[in-house]
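Chain by chain, the residues:
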Amino acid sequence: MVEARPAVLTVSALRFLAGVVLSMPVTGPADPLKVAQGAAAWVLSIFAIYLFNGANDVAEDRINGSTRPIAWGALDPRSATCVAAAAAALALGATLDLPAPMTAIVGANLVLGYLYSGPPAPLKESSCATVAVLVVSGLLSYLGGFTIASGGQAVAAPTELLVFAALSVGWMTLVGVPAKDLSDCEGDAAAGRRTIVVTRGAGAATWFMSVSASLLVVGVFAAVALLGAALLGVALAALAGAVSVIGAARVRSGWTERRQQRRPYRAFMVTQHLVHITALISGI
């Protein structure tokens, strides 16, 4: 479980649940059992992806000083791959009596996960491909929640769901990616990955991350004011998160320990949780 990153699994579940809750003004109340089953299927797919990724990132993780089990030898990569395959099968099996699109959504996410980390040409070697994978996977999480809420019926998604999904995916890719790359630069460079930190330096990455966070906050406030999206609480949570991320990035200079270098990423991750929990409370 540690290798699959509990914080990531939690926010993955929150994304799916936000997709359900923000759909209900259009779809009506969702079946709680179907919601729980769909969430389990989705989280199992994320668990499988992250475990498989860890099994294929051993060299880079060790260079970066990762303390996850595979990197420091407490978990055999081949065993982790077998568990990931079993989790992927369980994820697909959990969708069998859900609306048919849910099987395709979980299957597509698993395919993306394999293409990201697996041979012969892992997409993680390219920054653009990495962003593309995150965008699609992020959107699939909200689509999964919408599918469960709608029972697979063709209905228009509410404005709140569309705005929130755009905010969240933008936050993951434009803020989360450079924040994570700050502490993974050495391993990424050794693996030949051309991240923004490797190619342009930490200063450029923190500038990009800070500007992106600011623009995303402006965007969600604009959606509240101009489109009437009922997301004021989410906008305020995003503002608090952006201030936190920008503050962490500004004091990054001179840090040498990986624990210190990961502060912007931790601020990014906490903000993800805060924004999603706010959306769930507001929606409910």
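A brief structural summary. (Residues numbered from 1 in each chain as written. Predicted model: local features only at pLDDT ≥ 70, side-chain atom pairs only at ≥ 80, totals over all residues. Heavy atoms only, no water.)

1. Quick notes on the side chain of Ser137
And step 1. Take Ser137: it is sitting in helix α7 (residues 127–150).
And step 2. The exposure class assigned to Ser137 is buried, which follows from its relative accessible area of 15%.
And step 3. Not counting residues up to four positions away in its chain, the partners in contact with Ser137 are Trp42, Ile46, Asn109 and Leu112. (Helix = DSSP H or I, 4+ residues; strand = E, 2+ residues; numbered from the N terminus. Buried < 20%, exposed > 50% of the residue type's maximum accessible area, 1.4 Å probe, protein only. Contact = heavy atoms within 4.5 Å.)

2. Details of helix α6 (residues 100–117)
And step 1. A rise of 1.5 Å per residue sets the reference length of α6, with its 18 residues, at 26 Å; its end C-alpha atoms lie 27 Å apart and thus fit the reference within 8%.
And step 2. Among all positions in α6, only Met102, Ile105, Val106, Gly107, Asn109, Leu110, Leu112, Gly113 and Ser117 are buried.
And step 3. Those residues of α6 that are buried lie in contact with α1 (6–21), α3 (32–55), α5 (77–93) and α7. (Expected span 1.5 Å × (residues − 1).)

3. Here we look at a nonpolar patch on the surface
And step 1. On the surface, a cluster of nonpolar side chains totalling about 470 Å² of accessible area is made up of Leu174, Trp207, Phe208, Val211 and Leu215.
And step 2. Examining the composition of the nonpolar patch, we find that 4 residues originate from one element, helix α11 (residues 202–226), more than from any other. (Patch = residues over 30% accessible without salt bridge, like charges linked within 9 Å, V, L, I, M, F, W, Y side chains within 5 Å. Areas by Shrake-Rupley, 256 points an atom, 1.4 Å probe, with all protein chains shown as cover. Salt bridge = Lys/Arg side-chain N within 4 Å of Asp/Glu carboxyl O.)

4. A short note on the side chain of Thr271
And step 1. With respect to the element layout, Thr271 can be found in helix α14 (residues 263–283).
And step 2. Relative accessible area serves as the criterion here: at 4%, Thr271 is assigned to the buried category.
And step 3. Polar contacts involving the side chain of Thr271 include one to the main-chain carbonyl oxygen of Ala267, which spans 2.8 Å. (Polar contact = N/O pair within 3.5 Å; in protein donor to acceptor, adjacent residues only side chain to side chain.)

5. Details of the nonpolar core
And step 1. Residues Phe164, Trp171, Val175 and Leu231 are the most contacted members of the largest nonpolar core, which totals 73 residues.
And step 2. Ranked by residues supplied to this core, first place goes to α3 with 11 residues.
And step 3. Non-local contacts of Phe164, meaning those with residues more than four positions away in its chain, are made with Ala18, Leu22, Tyr142, Leu231, Val234, Val275, His276 and Ala279. (Core = buried A, V, L, I, M, F, W, Y, C linked by side-chain atoms within 4.5 Å.)

6. Concerning α1
And step 1. Compared with the 22 Å implied by 1.5 Å per residue over 16 residues, the 22 Å span of α1 between its first and last C-alpha is a close match.
And step 2. Taken as a whole, α1 has its buried residues at Val8, Leu9, Val11, Ser12, Leu14, Arg15, Phe16, Ala18, Gly19, Val20 and Val21.

7. Some remarks on unusual backbone geometry
And step 1. Here the bond from Pro119 into Pro120 is cis, since omega is 10°, no more than 30 degrees from zero.
And step 2. Along the polypeptide, Pro120 turns up in the loop between α6 and α7.

8. Looking at the packing of α3 against α6
A pair of packed helices can be characterised by two numbers: the angle between their axes and the separation between those axes.
And step 1. Where α3 contacts α6, the two axes come as close as 9 Å, and the packing angle between them is 10°. Comparing their axes, α6 and α3 come out roughly parallel. Facing α3, whose interface residues are Gly38, Ala41, Trp42, Ser45, Ile46, Ala48, Ile49, Phe52 and Asn53, α6 presents Met102, Ile105, Val106, Asn109, Leu110, Gly113, Tyr114, Tyr116 and Ser117.
And step 2. A class-by-class count of the residues in the contact of α3 with α6 yields 12 nonpolar, 6 polar and no charged. (Axes fitted to C-alpha atoms, helices over the stretch in contact; angles between N-to-C directions. Parallel < 35°, antiparallel > 145°, perpendicular 65-115°, else oblique. Nonpolar A, V, L, I, M, F, W, Y, C, P; charged D, E, K, R; others polar.)

9. Quick notes on the packing of α3 against α5
And step 1. Two numbers describe how α3 lies on α5: the axes approach to 8 Å, and their chain directions differ by 160°. One way to sum up the angle between α3 and α5 is to call them roughly antiparallel. For the pair α3 and α5, the crossing hand works out as left-handed. Counting all contacts with α3, which are made through Ala41, Leu44, Ser45, Phe47, Ala48, Leu51, Phe52 and Ala55, the residues of α5 involved are Pro77, Ala80, Thr81, Val83, Ala84, Ala87, Ala88, Leu90 and Ala91.
And step 2. Of the residues assigned to the contact of α3 with α5, the class counts are 15 nonpolar, 2 polar and no charged. (Left-handed = near helix turned anticlockwise from the far one by under 90°.)

10. Quick word on the pattern of salt bridges
And step 1. A full pass over the atoms with the stated rule returns 1 salt bridge.
And step 2. Residue Asp97 pairs with Lys34 through a salt bridge whose shortest N-O separation is 3.9 Å. Here Asp97, found in the loop between α5 and α6, pairs with Lys34, found in helix α3; they are 63 residues apart in sequence, far enough to count as distant.
And step 3. Looking at Asp97, the relative accessible area reads 48%, which means it is partly exposed.
And step 4. Judged by its relative accessible area of 26%, Lys34 is partly exposed.

Note that every value here comes from positions in space, so none of it alone points to a role or purpose.
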